Structures are given as structure tokens and as C-alpha cells.
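This is what each chain is made of:
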Amino acid sequence: MVRALHKLAGGTAAIASLLLLASCGGGDTPTSPAPVSGNTQTSSSTPPNPLGNNLNVTRCLTQQAVPGRTVADLVVPDELKVDFSQPPGFPNGRLLSDPVVDLTLAALFLDLTKHPITALTALPLNPSANDLPFRSTFPYLAAAQGAHPASTATGTNYNFRTDPVSAYVRVDRMGMPAVATVLITSAHKSEYNDAGPIDDTNFKFLSVINEDLTGFANALSNDLKSAGFSLCATPN
Amino acid sequence: MLRFSRKMLLGGALAMALTAGVVTVGRQASAADHLDPPARTDPDVDTTPDKAADIADIYTWFTPTDLIIAMTFAGPQAASMPPTYDRDVLYTLNISNDADPTTVEFPINVRFGQDGAATGVQFTGIPGTTGPIVGPVESDLHQGNVIARAGLFDDPFFFDLQGFRATRSSGRLMFDHTRNFFNGQNDTAIVLQIPRSAIENGSNPIRIWGSTARFGGQI
């Protein structure tokens, strides 16, 4: 069934696939919550999965993060998307100043019909700004920290490689912040970084994302509720 | 008081969740892309980490006239350390401007090279250009209305990674929003400014992702 959706593209297909994953077990790979047994008191352990939590994250992935875009649309494919008809700023592209961690965590875990996507940013949970101000003109990033004297050497005939792209082997890829690092488990990271948007839209990693997000939701739910937040995840 | 309580509770919850799903190896998981994939770029996991090819972050935004793209890599690192310009790494900014998000209409490739002690950078495939942009690093390079630069910059990412790690190791809540792990640290980066007129395609969105590849295979 998952393969039947492979030729579909865009948000509708992604949502359809996620619903399918949530409802029928995710095709070729299991979608049970990630194992989170253990104890948080040691660095080598993993935290406990709160007893009784058996959450379904489908609603998290299908909820609207910003007008016209669901959370699933933000995650798949793993690209920054820019709509010139909308104001710039995450998730419409990514400004240097955007607090992407708190925004992403809110989108993944909170019920956005009850909380704004800025709910965690408003606390804030993480630092809300860079340590140096950004420049208002090119190159925009702040100058390097420390003393770095300009080179006095001049060149006109640099020895750039002329080898074809096929002579290089992929090491890393990145689009949206936090997708590869947070939603892809270690066992799949290298495979994920070797892949590309066509793999994403073919739902190659959706079962991994669904599984990992479910594990997160189960672990987070009690504390988020205690903090007064409504969750997007629902009981199975 | 309520605000403080919510913050504390959230810190504990997120620490637990992040510990559950992220920190399974080494010191990775900055929530951007630094040190990921760990098996290739994290010195705590890989004895030959490919620092030069390790993407840290990618940013893109626009003004009424231009699209700006920045990709940081080879960091975060101490302010005393030099930039990383590796001749054997190919940096690519993959841009799609049609209705199919999986296609790449504009693969912008960036390479570094040497001429004696001088380091240069070459940008190819930038929309709005008629050929490669070549010049020294740490300089604004112009062709038409395109501006390109490669150089060392302050790491623009901000996140309490230290608190996250401390929480993981101690089991105690250690998040502190006044603490930014990336304070005082640098990345090497590529920054481009491209006229929107060279890249806009009707009402299609622009989609961007970055990739790195090493000549001859991973180290």
C-alpha cells in the first residue's frame, strides 16, 4: 500500500502516507514506539517511557503548522521552502535570527489549535538570540569571533578540482533544521544523509520519523501536560 | 512564578525526550546539523571525522529584490581556530523552482583551491550568472547583481546544548535559556545573494537543501 502512494507528491500524499503508517503499522518497518526504557540518572541510559502512555502522533503530523502547511509538509521532503507571497521567516525559509528549536518542538508536540507555534519560544526554553548581532547587509552573518588577520597572499590560478560530480561521495545533507538530527535515529542517519528529496517523497523514512516521534511524544506527554500544555498526540 | 514553573517542567520534559531519541551516540544532536551524521563527522564516534564536509546549518530568506542563502560548515569551533577550506570537498546548494520538489533546477557547486599560499573559492551554477564566480576567500565576489562569499564567520546558531548534555549526564534539569553553547564559536560558511528575478518561477515555491561530498570517497 505504501508503494502505491509512491508516485504521489506533495503534502496530500505525505499526509496520506503518514495516516497509513499510523493506521496499519508502517509498511515494511515496525512503528511501535521507540524503546525508551531505562533511567535518566546515567549518561548511558535512556529515559523511561511513562507507564500507560501509548500515543498516536498522526494528529501531530497532520496538524497545520502555518497557514497552508502541515507539520508533515515541513518534514517531508527535507528542504527549506520559500514562498515569496508570505513573510520570510521559519518555516517559510529560515532567518538567521529564527529560534528554530523552540518553534520545531512546539510544532511537533503541542496542539496547535490550542497553542500558538510560538508557545515555547515565548518562555523561552532555549536562548532566543545569537550572541552577536547579525549584519543588516551582505554577508549578514556576524564577523568571526577572535582575531583572524587577513591573508596577504594573492592568487589568480587556483587549483580547483575539475573532476565530475560523480567522482565525489556524499557525506552530509541538510534542509530543515532538526529533521535529520532529531527525527532520524542513529541507526538510519548515514542512510538518511545519503538520500535526497525523492527518497523523502517516496516515504523511505516516514516509518522512522513516525516511530521516533511516537517515542518522543510518549516520553514528553506527562511533563508537558503538567506544564499546562495540550498535546497533539492522541491516545491509541 | 507560573512562568518559571512551566519553564522548569518543560526543561525536564524536553531533556528526557531528547535523551530518549537523540543522544544515543557521542555528543551529537545540536538540533541543527553540526556533527551529523555522527558516523562520518563526530570525533566522538568516528576516528576520522570529516570536519570539512560537516554541514552545520542552512538558512534562506528574502528581501523585496533578493534571495539569500547561507550554509555553515566545519564547526562549531573555537575562535582561535582557522577556517576550513578543503580542496577535496564539493559543497552543493540544491535549488528547485518548479512544481516538483524532488528536482534540482539549479545545483550550485562550490569548491576551494590554492594558488601558493592563497586560498580561492569557485562558485558555479548560480542563477543570474553567466559563468563561474572565482576569487579569494574572505571577499565579496560580484557578478552582475549576484554576490558570493566564503569565509569564517561567527556560528549563527543558538541553543543550550551544554544544558542538554548536562541534563543527560546528571539526570537533573540543567537547561538554561541564558546559556548558548555556540557563544564565541565560529563556522566556515558560504553566503550567496541572488536576484529574485533570476530564480522566481511564477508562483512556485523555491526549495533549497545543502549537501557535501568528498572526492574519492568518505574518509
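Thresholds applied
- Residues numbered from 1 in each chain as written.
- Chains lettered and ligands numbered in written order.
- Predicted model: local features only at pLDDT ≥ 70, side-chain atom pairs only at ≥ 80, totals over all residues.
- Helix = DSSP H or I, 4+ residues; strand = E, 2+ residues; numbered from the N terminus.
- Buried ≥ 20, exposed ≤ 12 C-beta atoms within 10 Å, placed from the backbone.
- Contact = placed C-beta atoms within 7 Å.
- Nonpolar A, V, L, I, M, F, W, Y, C, P; charged D, E, K, R; others polar.
- Pairing = 2+ DSSP bridges.
- pLDDT = per-residue confidence, 0-100.
- Axes fitted to C-alpha atoms, helices over the stretch in contact; angles between N-to-C directions.
- Arc of directions from axis to C-beta.

## Thoughts on the overall build of chain B
Regarding its fold elements, chain B presents three helices and ten strands. In chain B, which comprises 219 residues, the proportion classed as buried is 57%. In chain B, of all internal contacts separated by at least 6 residues, the share reaching a separation of at least 24 is 52%.

## What to know about the interface of chain B and chain A
As a measure of interface size, the accessible area lost when the parts come together is often cited. Counting from both sides, the interface comprises 97 residues of chain B and, opposite them, 90 residues of chain A. The class makeup of the residues in the side of chain B that touches chain A is 45 nonpolar, 30 polar and 22 charged. For strand E4 (residues 80–82) of chain A and strand E10 (residues 206–215) of chain B, the ladder comprises three bridges, and the chain directions are antiparallel. Within E10(B), the position partnered with A:Val82 by the bridge is B:Ile206.

## Considerations on the confidence of the model for chain A
Confidence along chain A averages 79 in pLDDT terms, with 78% of residues attaining 70 or more. Low confidence marks residues 1–49 of chain A, where pLDDT is under 50. Its contacts with residues over four positions away, or in another chain, come to 96 contacts.

## What to know about the sheet that holds strand E7 (residues 141–143) of chain B
All names here are of chain B. Taken together, the five strands give an open sheet; going across it, the order is E1-E2-E9-E8-E7, and neighbouring strands pair in antiparallel fashion. Since the sheet does not close on itself, it has two edges, and those belong to strand E1 (55–62) and E7, each with one partner. The sheet shows a mean angle of 15° between the axes of neighbouring strands, direction not considered.

## Section: the pairing of strand E9 (residues 185–195) of chain B
Residues and elements named next belong to chain B. Of all the eleven residues making up E9, ten are buried; the element is thus mostly covered by neighbouring parts of the structure. Sheet topology places strand E2 (residues 66–78) next to E9; ten bridges connect them, and they run antiparallel. Its bridge partner lying in E9, alanine 78 is registered against glutamine 185. With eight bridges connecting them, strand E8 (residues 146–154) and E9 associate as antiparallel partners. Its bridge partner lying in E9, glycine 151 is registered against alanine 189.

## Considering the environment of A:Val171
Mapping A:Val171 onto the fold places it in strand E5 (residues 168–174). By the C-beta count within 10 Å, which is 25 here, A:Val171 ends up buried. Taking the C-alpha atoms as reference points, A:Val171 and A:Leu96, separated by 75 residues in sequence, lie 24 Å from one another. Filtering out sequence-adjacent residues up to four positions away, A:Val171 remains in contact with B:Arg40, B:Asp50, B:Ala53, B:Thr212, B:Ala213, B:Arg214 and B:Gln218.

## Observations concerning helix H6 (residues 186–194) of chain A
For H6(A), the set of buried residues is A:His188, A:Lys189, A:Tyr192 and A:Asn193. All buried residues of H6(A) lie within an arc of 135° about the axis, which places them on one face of the element. Looking at the buried positions of H6(A), the neighbouring elements they touch are E5, helix H5 (179–183) and helix H8 (206–226) of chain A together with helix H2 (38–41) of chain B.

## Brief notes about the environment of B:Ala32
Mapped onto the secondary structure, B:Ala32 falls in the loop between helix H1 (2–21) and H2. Residues B:Ala32 and B:Ile219, spaced 187 residues apart in sequence, show a C-alpha to C-alpha distance of 22 Å. With near-sequence residues (within four places) excluded, B:Ala32 lies in contact with A:Pro177, A:Thr181, B:Ala56, B:Asp57 and B:Phe157.

## Quick notes on the environment of B:Leu152
Tracing the backbone shows B:Leu152 in strand E8. A C-alpha to C-alpha distance of 13 Å links B:Leu152 and B:Asp86, two positions 66 residues apart in sequence.

## Focus on unusual backbone geometry
Here the amide bond leading from A:Phe138 into A:Pro139 is cis, since omega sits at 10°, within 30 degrees of zero. A cis amide bond, omega 5°, links B:Gly75 with the succeeding residue B:Pro76. Position of B:Pro76 among the secondary structure elements: in strand E2. With phi around 55°, B:Ala74 is a residue other than glycine that occupies positive phi space. Relative to the helices and strands, B:Ala74 resides in strand E2. For B:Ala74, a count of 26 C-beta atoms within 10 Å puts it in the buried group. The backbone of B:Glu138 shows a phi angle near 60°, a positive value even though the residue is not glycine. Among the structural elements, B:Glu138 can be located in the loop between strand E6 (133–136) and E7. Its 16 C-beta neighbours within 10 Å are what place B:Glu138 among the partly exposed residues.

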